[in-house]
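# Survey of secondary and tertiary structure
Each chain, letter by letter, is given below.
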Number of protein chains: 2
Amino acid sequence: MTLQMDLPTLDDYPTRKGTEAALLYRRDPTVWGTAEDGPLSHSRLQEHDRRGYTRFGSLLDPDEAAGHLDEADRLVADPGLRDDERAVVDPSDGGVRSVFEVHRVSGAFDALVNDPRLVEPARQLLGSDVYVHQSRLDHRPGFGGGPLYWRSDFETWHAEDGMPRMRAVGFSVALTDHHSHNGAPLVIPGSHRTYVSCLEDGEHGRSGTPDRGTLTILADRHGIDTLEAAPGDVTALDANCMYAAGANITPWARSSLFVVYNSVENACEKPFGGEGPRPGFLASRDFTPAGR
Amino acid sequence: MTLQMDLPTLDDYPTRKGTEAALLYRRDPTVWGTAEDGPLSHSRLQEHDRRGYTRFGSLLDPDEAAGHLDEADRLVADPGLRDDERAVVDPSDGGVRSVFEVHRVSGAFDALVNDPRLVEPARQLLGSDVYVHQSRLDHRPGFGGGPLYWRSDFETWHAEDGMPRMRAVGFSVALTDHHSHNGAPLVIPGSHRTYVSCLEDGEHGRSGTPDRGTLTILADRHGIDTLEAAPGDVTALDANCMYAAGANITPWARSSLFVVYNSVENACEKPFGGEGPRPGFLASRDFTPAGR
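Residues numbered from 1 in each chain as written. Chains lettered and ligands numbered in written order. Predicted model: local features only at pLDDT ≥ 70, side-chain atom pairs only at ≥ 80, totals over all residues. Heavy atoms only, no water.

### Looking at the overall build of chain A
Each helix and strand in chain A was counted, giving eight helices and 13 strands. Taken over the C-alpha trace, chain A has a radius of gyration of 19 Å; the compact-globule value for 292 residues is 19 Å, and the two agree within 12%. With respect to the three principal axes, the spread of C-alpha positions in chain A is 70 × 45 × 40 Å. Burial analysis of chain A (292 residues in total) assigns 56% to the buried set. Carbon and sulfur atoms provide 50% of the accessible area of chain A, an area that totals close to 12500 Å². Charge-centre separation for chain A: the mean point of 29 positive side chains lies 3 Å from the mean point of 45 negative side chains. (Helix = DSSP H or I, 4+ residues; strand = E, 2+ residues; numbered from the N terminus. Rg over C-alpha atoms; globule rule 2.2 N^0.38 Å. Buried < 20%, exposed > 50% of the residue type's maximum accessible area, 1.4 Å probe, protein only. Areas by Shrake-Rupley, 256 points an atom, 1.4 Å probe, with all protein chains shown as cover. Lys, Arg positive; Asp, Glu negative; His and termini not counted. Charge placed at Lys NZ, Arg CZ, Asp CG, Glu CD.)

What follows is the structure, encoded as structure tokens:
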């Protein structure tokens, strides 16, 4: 006779469970491919493994970046988008701040998220075909408000979207200048190697927010890098890297495209926390490989 | 017979009067002394005249700066100061964020505001003896809140404190690291040559706040400098320079001493706007020369 019983699922990355925050080891590689698999050299892959991010200066030429900025400005001003569930509208002025699933809204951005200049390094970093887990146009106008608090995207995607492993990477494409003073991303380099388990009800009342003590440990150990950029510069950021963005009190808007590639071998399943799967425009269930 | 009548006072720097903002010419020199009058060379005085600020790297040695930081931390933690009218307390956590007239609170800071390393360049820039119009310890804890919006201090001192001319300079003494990401001051270099007349009820409901259109003109013309600093670095900032500070969402506190020297030939009179003279701890009526 065979004893059959349901074994509890062991989650390597538990979060939003208890009352104590925890710092856990990362159980997955950061770099899954090799120098033979794509455009990044061995030393650049090592650097990505160490810091958790890689910068691509002028990946788009200035004319291309300017064209994408025009498209972004057109979308943000489109009154039809304001009532679309994929648009995030600032209640203070009715302005569109983000457009999710922007590659399904705009042909130009669809071409960009499938562009080999993005897809090939993503495939190389993740060691497989990749699909678009999320795409998002972000637009912060001048005098455009407060900071974006610290987060690891992976924590959210694991808890709320059911992303099993750390095998995803976000590509941020700068469409305007990103200065330290108009809200360029802040990154704790090396933080991607630590998984920060979050409280259900974290700082600022937002679930999935890391606690202050943990952030202090990470920042004291690793420092903080400010990712300034010019239009057309691209940054690839590991899904588990701790990042934030400063407020923008300058007159200068800041726009970027953010596209998250996930390995097709890491397709999302049942959420590991949170309140059930989020809509497809936040967390795609279409695992069709990008750029193929 | 002589006709006697009250002639209206002609104010070169009107503000908070009407409904239109205005950009007016500065009617005063920025640099009142010469290279013979103090430690700054002719070229450094020219640079101050052009940019509106001068940086003094390591004006205090590291031990001195560390001692002043200890004193600052002691003051901020002093429960007796929390109920002092000169302390600015953050209602969210009861923490002391600023201590005005700090040179009357602390012997160490009294010595510092009278230190020849600060007073001599102040005398040289203003071409006369100087007195302390205001002193202030600023302490922003880690995760310490929002940005400081743009302002010209002179606009406030003219309107509310009756400072007649642009003949004052603020010295900011860094007691901790000031990074771009933990709220280092942002300055529009060259903005000190333009007087921005403000609305009574400006942005954020604060009187004396410059409007967005004016700030855009100034920033587009001059750019924005981020004044990062190490402990012991000092910046001298013309009273009419437009400046701000970013939010601090890092774990790292930022502390500084700010002391405003005004020429004894520019002593405050009746306020030119606002609601009457402010308390002496905000705007001193003691015109005794500093460092004498």
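### Details of the environment of Asp-238 of chain B
All names here are of chain B. Structurally, the position occupied by Asp-238 is in strand β11 (residues 234–238). Sequence separation between Asp-238 and Asp-49 is 189 residues, and the spatial gap between their C-alpha atoms is 9.0 Å. Polar side-chain contacts of Asp-238 include one of 2.9 Å to the backbone nitrogen of Asn-240. (Polar contact = N/O pair within 3.5 Å; in protein donor to acceptor, adjacent residues only side chain to side chain.)

### Considering the sheet that holds strand β6 (residues 148–152) of chain B
All names here are of chain B. The strand order across the open sheet formed by four strands is β6-β12-β8-β10, and the pairing between neighbours is antiparallel. Of all strands in the sheet, those with a lone pairing partner are β6 and β10 (225–226), marking the two edges. Pairing of strand β8 (residues 185–187) with strand β12 (residues 242–245), which is carried by three bridges, proceeds in the antiparallel orientation. Of the residues in β12, the one forming a bridge with Leu-186 is Ala-244. (Pairing = 2+ DSSP bridges.)

### Re the interface of chain B and chain A
Across the contact, 23 residues belong to chain B and 23 residues belong to chain A. Carbon and sulfur atoms make up 73% of the surface buried where chain B meets chain A, a total of about 1900 Å² over both sides. The largest per-residue losses of area from chain B upon contact with chain A belong to Phe-143, Ile-249 and Trp-252 of chain B, which jointly make up 34% of the total buried on that side. At the boundary of chain B with chain A, the tally comes to zero salt bridges. Along the lines of polarity and charge, the residues of the side of chain B that touches chain A split into 15 nonpolar, six polar and two charged. (Contact = heavy atoms within 4.5 Å. Buried area = accessible area lost by both parts, 1.4 Å probe. Salt bridge = Lys/Arg side-chain N within 4 Å of Asp/Glu carboxyl O. Nonpolar A, V, L, I, M, F, W, Y, C, P; charged D, E, K, R; others polar.)

### So, the relation of the copies chain B and chain A
Its rotation angle being 180 degrees, the transformation that places chain B on chain A also includes 0.0 Å of axial translation and leaves an RMSD of 0.0 Å. Here the two chains are linked by the operation of a two-fold rotation axis. A share of 100% of the interface residues of chain B reappears at the interface of chain A, consistent with the copies meeting face to face through the same patch. (Least-squares fit on C-alpha atoms with pLDDT ≥ 70 in both.)

### A few points about the side chain of Ser-191 of chain A
The residue Ser-191 of chain A is located in the loop between β8 (185–187) and β9 (194–197) in this model. For Ser-191 of chain A, the contacting residues outside a window of four places in its chain are Leu-218, His-222, Asn-240, Cys-241 and Met-242 of chain A.

### Some thoughts on the packing of aromatic side chains
The geometry of two aromatic rings is summed up by the distance between their centres and the angle between their planes. Residue and element names in this part refer to chain A. In the structure shown here, the tally under the stated rule is 16 aromatic pairs over all chains. On the basis of an interplanar angle of 80 degrees and a centroid distance of 5.5 Å, the ring pair of Phe-171 and Tyr-261 is categorised as edge-to-face. Note that Phe-171 is positioned in strand β7 (residues 168–174) and Tyr-261 in strand β13 (residues 254–263), a separation of 90 residues in sequence. Phe-171 gets classed as buried once you look at its relative accessible area, which sits at 0%. Here a set of aromatic residues connected by ring pairs shows up, and it is made of Tyr-13, Phe-154 and Tyr-195. (Phe/Tyr/Trp six-rings, centres within 6.5 Å; stacked < 30°, edge-to-face > 60°.)

### Notes on the pairing of β11 of chain B
All names here are of chain B. For β11, a buried count of five out of five residues is recorded, marking the element as mostly surrounded by other parts of the structure. Residues Val-234, Ala-236 and Asp-238 line one face of β11 and the alternating positions Thr-235 and Leu-237 line the opposite face, and both faces are buried. Pairing geometry for strand β2 (residues 53–56) and β11, over four bridges, is antiparallel. Residue pairing across strands places Thr-54 opposite Ala-236, the latter belonging to β11. For strand β7 (residues 168–174) and β11, the ladder comprises five bridges, and the chain directions are antiparallel. Residue Val-173 lies in a different strand from β11, and its bridge partner there is Val-234.

### Focus on unusual backbone geometry
All names here are of chain A. Although it is not a glycine, Glu-101 sits at a positive phi angle of roughly 50 degrees. Its location among the elements puts Glu-101 in the loop between β4 (96–100) and α4 (102–105). On the accessibility criterion, Glu-101 (14% relative accessible area) is buried.

### Observations concerning helix α2 (residues 62–77) of chain B
One full turn of an α-helix is made of 3.6 residues, so residues set three or four places apart face in the same direction. Residue and element names in this part refer to chain B. Relative to the 22 Å expected for 16 residues at 1.5 Å per residue, α2 spans 22 Å between its end C-alpha atoms, a close match to the ideal helical length. Listing the buried residues of α2 in full gives Ala-65, His-68, Glu-71, Ala-72, Leu-75 and Val-76. The arc that holds the buried residues of α2, viewed along the axis, is 135 degrees, so those residues lie on one side. Along α2, exposed side chains directed more than 90 degrees from the buried face belong to Pro-62, Asp-63 and Asp-70. Taken together, the buried residues of α2 touch α3 (79–82), β4 (96–100), α4 (102–105), α5 (107–113) and β5 (130–140). For α2, the N-terminal cap is Asp-61; the gap from its side-chain oxygen to the backbone nitrogen of Asp-63 is 3.1 Å. (Expected span 1.5 Å × (residues − 1). Arc of directions from axis to C-beta.)

### Some remarks on the sheet that holds β4 of chain B
Residue and element names in this part refer to chain B. As summarised here, the arrangement of the seven strands in space is β2-β11-β7-β13-β5-β4-β3, forming an open sheet in which the pairing is antiparallel. Taken across any chain shown, the strands that pair with only one partner, and hence form the sheet edges, are β2 and β3 (87–89). Within this sheet the neighbouring strands show an average axis-to-axis angle of 15 degrees, counted without direction. In the sheet, β7 pairs with strand β13 (residues 254–263) via seven bridges, with the strands oriented antiparallel. Across the sheet, residue Ala-174 finds its bridge partner in β13, namely Ser-256. Packed on one face of the sheet, helix α1 (residues 42–51) meets β2 and β11 and runs near 130 degrees to β2. Against the sheet, helix α7 (residues 153–161) makes contact with β5, β7 and β13, and its axis sits at roughly 120 degrees relative to β5, the strand it touches most. (Axes fitted to C-alpha atoms, helices over the stretch in contact; angles between N-to-C directions.)

### A closer look at α7 of chain B
Residue and element names in this part refer to chain B. For α7, the buried fraction is high: nine of the nine residues fall into the buried class. What α7 keeps buried is the set Asp-153, Phe-154, Glu-155, Thr-156, Trp-157, His-158, Ala-159, Glu-160 and Asp-161. Where α7 is buried, its residues meet β5, β6, β7, β9 (194–197), β12 and β13. One or two residues past the end of α7 sits Gly-162, with phi positive at roughly 75 degrees.

### Concerning the pattern of salt bridges
Side chains that carry opposite charge are capable of pairing whenever their charged atoms lie near each other. All names here are of chain A. This model, assessed by the stated rule, comprises 48 salt bridges over all chains. Salt-bridge contacts for Asp-115 lead to Arg-117; the nearest nitrogen and oxygen are separated by 2.8 Å. Notably, a salt bridge pairs Arg-167 with Glu-265, separated by 3.0 Å at the nearest N-O pair. Of the two residues, Arg-167 sits in the loop between α7 (153–161) and β7 while Glu-265 sits in the segment after β13, which places them 98 residues apart along the sequence. One network of salt bridges, with partners in common, ties together Arg-16, Glu-155, Glu-160, Asp-161 and Arg-278.

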